[in-house]
Amino acid sequence: MGLGPAERRRLGACAAGALVLALAPLAFGSPYRLDQFDYILSLVMVAIGLNVATGFAGQLSLGPSATFAVGGYTAVVLANDHPGVGLAAMAVAAMAAAGVFGLVVGLPALRVGGFYLANVTLFFALLVPIVATNLSVTGRANGISLVANPAFVQSPSGAALYETTLAVVGLLTLGCWALLHSRVGREFVAVRTSEELALALGIPTYRAKLAAFGLSSLPAGLGGAFYAFSQQFVSPGSVSVSLSIYLVAACVIGGLGSVTGPVVGGLLVIGLGQFLGSLAQYEGVIFGVALAAFAVALPQGIVGSGEALRAAVASYVRSAPLGPGRPAPPEARRPAPAWAPAPPAGGAGSLVVSGARRSFGGVVAVDGVDLEVARGQLHGLIGSNGSGKTTLLNLVCGFYRLEAGQVRLGEARIDHLPAWRVARAGVARTFQTPQLVAEASVLDNVVPAAERHLRCNAVASVLRLPPGPRTARAARARALEALELVGLAKAASERVAELPHGTRRVVEVARALALEPGFVLLDEPAAGLGQSEVERLKSVLASMVAAGLGVLLVEHNVPLVLELADRVTVLHQGRAIAQGGPESLRGNQLVAQVFLGRELAGSGDQP
Amino acid sequence: MSLAINAVVAGLAIGSVYGLVALGYTVVFNATRVFNLAQGDLVMLGVLLSWYLLDVRHWPQVAALACVLVGVTAVSLAEERLVVRPFLSRPRDNIGWFIATLAFSLVVETVVTDLYGENPPQPVPSPLPSRAIHLGSVSIVPKLLLAFLALVAVTAAVEAFYRRTWLGTAMRATAEDREVAALRGISPTRMSALAFGIGGLVAAVAGYVVAPIVFSDVTIGLNYSLKGFIALAIGGFGSIRGALIGAWVLGVGEQLFDLYVSPRYEVVAGLALLMAVLAVRPTGLFGPGRLRRV
């Protein structure tokens, strides 16, 4: 795999940083200083873990100190009882305990989204030192000291211990890079971007969040073991709740979601905390103000802001890139590549909605709607704002639950399935407000959809074992194919943030196609498109239908719908007031009245 | 038995303070979608201001109360301006504001702790007589009664404000749909400032009434923040009365736990309640009944 200039630059910076850290003992060779560095590095491990849950997957955890404490106490208790076990056994035991703890906390706390996890984890951070103070097994308020245990021998120690700790930090960082650029990491990023997006990609979000949170507790436990081993002492005071807040500060200041952010931030924040001296009593104010300032002004942190700055300069220097906003390149008009959608689980049957009903707090948004989308057919859904089009779409793809009626895919009912299963059953969708990872490239936004059907387990994907690299290549090829189909192949390496809004909808269409669905639900794909882009969209829709896809098109552009659709359903106040071929609707008085606001003939006061 | 009844009475009083924190959360959350993690530290600030004015400066109660109301509300408004308003225009950022309010609470706590110094908590005089009221075998200390009445009165006032005034209606509209409210000429930033103003007032009242009970303890902020959250989680998010019930359940549960299990693990009682609710009914007792979307 060739490295681009940006990767090479980043790799160079990492190597230089690692070298400086590795040579640090020569400069500060005193045992006391080394001890402090060991301490800092063990907390950097915890920050690296925190970044997996909070930075990669967007699940705000405020209790890394609790997981750290579980790991630290496990290691110190083990070493106190069995002084000969050594660092490796302490590390394994600490990670196991921390992993179990992470699952116990995450299982209930992740059931409700948003700030529940943050509050619950913060609560654990408050609780763990209190419990440790009261338990005899954790040595109560005094904690447990290995120094007092004559049988315990610290080996490795001194510079060897420091270099070992540093190597582990390096491995963890490398592991994070591998994770972020694997299908597991892409799932985490999809969940962070929006849960709706993740569900539409067929990702079980609860499981993904739990995986991220569970994974994040492993480095925290490891940090606890290294802490216990190097400091030979764990007490309630060393795992106080403020440690959690400083670790969050380390991640935010370094750069949440970047691979090296927690390392940079951890060295800065925890390191600075060690050398504040008489300013230590203002630690909270200093880091509080810094944390607030970064959260408000530089949410990407030091690492992320540096990269964003470089990207901004680079895109300024480059002449205006192939603008998706420009007229469509002529090659977009040539016949689209052959597109053979995989047969969905439901067989070749139709997507049938019957008697669908859903209300929100007394307002009936969808009221007894029937419609059928056959394979190889485009079904238009029109109606004024608030007529229930998007609600119906959300009901079909499992985002909302039906109150009455059913949705069937062939013979199978899908209205009871969670949204991610509906997506996997072969019903893809796009969103009215595009749900894309703005800082990633167009191609990288489509890849997670393209790899949905490629079999490859998570471990192989992260560790680049077969068939990991092969499926990753296949997914990129499929994603490119989908982009070519919608005429965006040349924009594949553009950052989504730089695309005009209309083009983002087209990226969404490509992503839906990359899922290789049997049916695609499009929510106003033509909104915000220029005339040439509408033309391109038309040809894409035509080739989708020609390839045997069933398309449900929600659209305000009525002429477009009437031109392309095989059948059209008109919604008004939640009811289907008309249904039929486009010609039959052109002359329909009721439709004209409701949809175009025309008075019925003969109602009186027409000029 | 009388021990148990006294524990219930004390639980209702302590729970009332959690309820005031939860009420502050709800008012702010409804208008801004921000969960203000500094709410407990605003209560702590109210406690310490009460202590300083009443115990150190010997101010009369009414003047001290007025000053606490003004002081805490001012800090709450400063929080809104400095760390919350920048996020109102970033709809997709659902982590930043939480971290920012956490940072603000850290600053408040550190500043107050540094000013207070390494002293043990000092008693704060209550506006009510200290002699207990006896009802049969139950004795009620007036300062506990005050906390309870304060919660009921403040809740009634907030509900009346929501229902009866134009601004209250505007706030409810903002809670319903911020964009539509903005189209109707309701400024989201003014609603946000107003919500933090009310949140500050509620925290000030809580601090003033709880000061005689907990003394000048600078470490209670985070504890109250989390207990207020548990009250909300038990009651169900968005329901003011649900939060009230949740707060009392938590307060009484804690006191009974102290009495029958162990006061050293009091914090475990709250956790057990929270975990039970999350496991059985994640949206709380009075919540919408079903998760919005999983």
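Fair warning: this is a prediction, and the values are worked out from it, not measured in the lab.

Summing up its helical and strand segments, chain A has 23 helices and 12 strands in all. Viewed in the frame of its principal axes, chain A has a C-alpha envelope of about 100 × 55 × 50 Å. Looking at chain A as a whole, 51% of its 607 residues are labelled buried. Within chain A, residue pairs in contact and separated by at least 24 positions form 76% of the contacts whose partners lie at least 6 positions apart.

In a regular helix each residue adds 1.5 Å, so 31 residues correspond to 45 Å; helix H1 (residues 2-32) of chain B covers 44 Å between its end C-alpha atoms and thus fits that length. Phi turns positive one or two residues past the end of H1(B), at Arg33(B), with a value near 65°.

The subject of this paragraph is the interface of chain B and chain A. Between chain B and chain A, the residue contacts involve 34 residues of the former and 35 residues of the latter. Ranked by the residues each element gives to the side of chain B that touches chain A, the list is headed by helix H4 (residues 96-116) of chain B, at 13 residues. Each residue belonging to the side of chain B that touches chain A can be placed in one class, and the counts come to 26 nonpolar, three polar and five charged.

This part takes up the pairing of strand S12 (residues 575-580) of chain A. Within a regular strand, side chains alternate between the sheet's two faces. Residue and element names in this part refer to chain A. Of the pairings in the sheet, the one linking strand S11 (residues 567-572) to S12 comprises five bridges and is antiparallel in character. The residue of S12 that forms the bridge with Val570 is Ala578. Counted between consecutive antiparallel strands, the loop separating S11 from S12 contains two residues, among which Gln573 sits at a positive phi close to 50°.

Whether parallel or antiparallel, the strands of a sheet pair through hydrogen bonds between backbone atoms. Residues and elements named next belong to chain A. Read from one edge to the other, the open sheet built from six strands follows the order S8-S9-S10-S5-S11-S12, with strand pairing classed as mixed. Of all the strands in the sheet, just strand S8 (427-429) and S12 have a single pairing partner and so form its edges. If you compare each strand with its neighbour and ignore which way they point, the axes differ by 20° on average. Where strand S5 (residues 378-382) meets strand S10 (residues 550-554), four bridges bridge the pair, whose relative direction is parallel. Bridging across to S10, Gly380 finds its partner in Leu553. Relative to the sheet, helix H14 (residues 389-396) contacts S5, S8, strand S9 (519-523), S10 and S11, its axis offset from that of S9 by approximately 150°.

The next thing to look at is unusual backbone geometry. All names here are of chain A. With an omega of 5°, the peptide bond running from Ser155 to Pro156 counts as cis. The residue Pro156 is located in the loop between strand S1 (144-145) and helix H6 (158-180) in this model. Omega for the peptide link from Pro466 to Pro467 comes to 5°, which places this bond in the cis form. Summarising the element assignment, Pro467 is placed in the loop between helix H17 (458-463) and helix H18 (468-485). Phi at Arg140 takes a positive value of approximately 45°, unusual for a residue other than glycine.

Residues and elements named next belong to chain A. Partitioning chain A into domains gives domain 1 (32-240) and domain 2 (351-426 + 517-596). Taking only C-alpha atoms into account, the centre of domain 1 sits 48 Å from that of domain 2. Each side of the interface is counted separately: domain 1 has seven residues, and domain 2 has six residues.

Residues and elements named next belong to chain A. Pairing within the open sheet is antiparallel, and its four strands lie in the order S4-S3-S6-S7. With partners counted over all chains shown, the strands left at the sheet margins are strand S4 (363-373) and strand S7 (412-413), one partner each. Across five bridges, the pairing between strand S3 (residues 351-360) and strand S6 (residues 404-409) is antiparallel. Residue pairing in the sheet places Ser354 in a bridge with Gln406 of S6.

Residue and element names in this part refer to chain B. In contact at an axis separation of 9 Å, helix H3 (residues 61-88) and H4 are set at 150° when each is read in the N-to-C sense. Classed by the angle they form, the pair H3 and H4 counts as roughly antiparallel. Where H3 crosses over H4, the two elements pack in a sense that is right-handed. Listed contacts from H4 to Val75, Glu79, Val83, Val84 and Phe87 of H3 are Gly96, Trp97, Ala100, Thr101, Ala103, Phe104 and Val108. Class assignment for the residues of the contact of H3 with H4 results in nine nonpolar, two polar and one charged.

A few words now on helix H12 (residues 283-297) of chain A. Because an α-helix completes one turn every 3.6 residues, residues spaced three or four positions apart along the sequence face the same direction. Under the 1.5 Å per step criterion, the end-to-end length of H12(A) is 21 Å for 15 residues, consistent within 8% with the ideal 21 Å. For H12(A), the full list of buried residues reads Gly284(A), Phe287(A), Gly288(A), Leu291(A), Ala292(A), Phe294(A), Ala295(A) and Val296(A). Check the buried side of H12(A) and you find it contacts helix H10 (241-254), helix H11 (261-274) and helix H13 (301-317) of chain A together with H3 and H4 of chain B.

All names here are of chain A. Most of S10 sits out of view: five of its five residues are buried. Neither face of S10 is left uncovered, since the one carrying Gly550, Leu552 and Val554 and the one carrying Val551 and Leu553 both have all their residues buried. Direction of pairing for S9 relative to S10: parallel, over a ladder of five bridges. Paired with Leu522 across the two strands is Leu553, which belongs to S10. Taken together, S9, helix H20 (residues 531-546) and S10 form a β-α-β motif whose crossover is right-handed.

Caution applies to low-pLDDT regions: their predicted coordinates should not be interpreted in detail. All names here are of chain A. In the predicted model, chain A carries a mean pLDDT of 88, and the fraction of residues at 70 or more is 92%. Across residues 319-338 the pLDDT falls below 50, and counting only partners more than four positions away or on other chains, this stretch makes 25 contacts in the model. Counted against residues more than four places away or in other chains, residues 599-607, with its pLDDT under 50, gives five contacts.

Val44(A), Val427(A), Val446(A), Ala510(A), Ala100(B) and Ala103(B) are the most contacted members of the largest nonpolar core, which has 288 residues in total. Each of domain 1 (32-240) and domain 2 (351-426 + 517-596) of chain A gives at least three residues to this core. Beyond its immediate stretch of four places on either side in the chain, Ala100(B) contacts Ala292(A), Ala295(A), Val296(A), Val83(B), Val84(B) and Phe87(B).

We now examine the environment of Arg421(A). Tracing the backbone through its elements, the reader meets Arg421(A) in helix H15 (residues 419-424). Considered as a pair, Arg421(A) and Ile203(A) are 218 residues apart in the sequence and their alpha carbons are 8.2 Å apart.

As a further point, take the confidence of the model for chain B. Residues and elements named next belong to chain B. Within chain B, residue pLDDT values average 89, and 96% of them lie at 70 or more. Looking at the elements of chain B, mean pLDDT is at its lowest for helix H7 (residues 178-183), recorded as 77, and at its highest for helix H2 (residues 39-56), recorded as 96. Long-range and interchain partners of residues 289-294, a stretch whose pLDDT sits below 50, account for seven contacts in this model, where long-range means more than four residues apart. Both scores are given for the predicted complex: the pTM is 0.91, the ipTM 0.92.

Rules used in this analysis
Residues numbered from 1 in each chain as written. Chains lettered and ligands numbered in written order. Predicted model: local features only at pLDDT ≥ 70, side-chain atom pairs only at ≥ 80, totals over all residues. Helix = DSSP H or I, 4+ residues; strand = E, 2+ residues; numbered from the N terminus. Buried ≥ 20, exposed ≤ 12 C-beta atoms within 10 Å, placed from the backbone. Contact = placed C-beta atoms within 7 Å. Expected span 1.5 Å × (residues − 1). Nonpolar A, V, L, I, M, F, W, Y, C, P; charged D, E, K, R; others polar. Pairing = 2+ DSSP bridges. Axes fitted to C-alpha atoms, helices over the stretch in contact; angles between N-to-C directions. Domains from an automatic or database assignment. Parallel < 35°, antiparallel > 145°, perpendicular 65-115°, else oblique. Left-handed = near helix turned anticlockwise from the far one by under 90°. Right-handed = clockwise from strand over helix to strand, strands pointing away. pLDDT = per-residue confidence, 0-100. Core = buried A, V, L, I, M, F, W, Y, C linked by C-beta atoms within 7 Å.

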